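Observations on the three-dimensional arrangement
Read off the chains here:
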Amino acid sequence: MADQPHRRAAKPFEPPPWEKEQFEELARERERAAEEAAVAEAERADADAEGSLSEEHASAIGAEGAVSADSAHEAGKRVDSAQEGREAADEPDAANVDAMLMALRAEEPDPASEVWKVGMVAGLFLTAMGLVLVVWSGVALARTLESGPTAYLGAGVMGLMGAGLVALGVWLVVRSLRKQGVL
């Protein structure tokens, strides 16, 4: 194989400006959880060291041993809650995600908000063209009174085409006005 060209190193992730504050808050929460976990780990190590004392020495300590066992149990609970907090910080809250998506959706303009104008213009144009064809078919029919069946057929087709365009144009106008809530 030929040598592949050198690739540039990937840019580090930078949050968008409108979300920078949320990323900073998440980083602070993670730091707090890491600090709590480190403190709890140190307390657990102290409790383990005290728990490894011989029973003779532990009975000599008496009440202090009971207190350290309780503190070791509490430290274990704090470590578990810190780990759960870290896991919860890694996974975004569904309610927060929904709220952020709703806020973003509210900021975006509706893409179909201006389409009704196109429907109105197209409908009016088709109606006008259809009316022109209907008038031309009437004029052609009046001129061909003495002509053969081919002239009648041509005028009739032009009239039907015009009537179809008028119907299509009126339908587009009515549909556009209904979407706007006018009709």
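The rules behind each value
Residues numbered from 1 in each chain as written. Predicted model: local features only at pLDDT ≥ 70, side-chain atom pairs only at ≥ 80, totals over all residues. Heavy atoms only, no water. Helix = DSSP H or I, 4+ residues; strand = E, 2+ residues; numbered from the N terminus. Areas by Shrake-Rupley, 256 points an atom, 1.4 Å probe, with all protein chains shown as cover. pLDDT = per-residue confidence, 0-100. Contact = heavy atoms within 4.5 Å. Expected span 1.5 Å × (residues − 1). Buried < 20%, exposed > 50% of the residue type's maximum accessible area, 1.4 Å probe, protein only.

**Examining the overall build of the protein chain**
Broken down by element type, the protein chain carries six helices and zero strands. When the helices and strands of the protein chain are placed in sequence order, the string is α-α-α-α-α-α. Per element, the accessible surface of the protein chain, about 14,700 Å² overall, is 61% carbon and sulfur.

**Brief notes about the confidence of the model for the protein chain**
Mean pLDDT for the protein chain: 78, with 74% of residues reaching 70 or above. Low confidence marks residues 62–69, where pLDDT is under 50. Its contacts with residues over four positions away, or in another chain, come to one contact.

**Thoughts on helix H5 (residues 115–143)**
Here H5 spans 42 Å end to end across 29 residues, near enough to the 42 Å set by a 1.5 Å rise per residue. Check the buried side of H5 and you find it contacts helix H6 (149–180).

**Description of the side chain of Ser 137**
Looking at the secondary structure, you find Ser 137 in helix H5. We classify Ser 137 as buried; its relative accessible area is 8%. Residues contacting Ser 137, with those up to four places away along its chain left out, are Ala 155, Met 158 and Gly 159.

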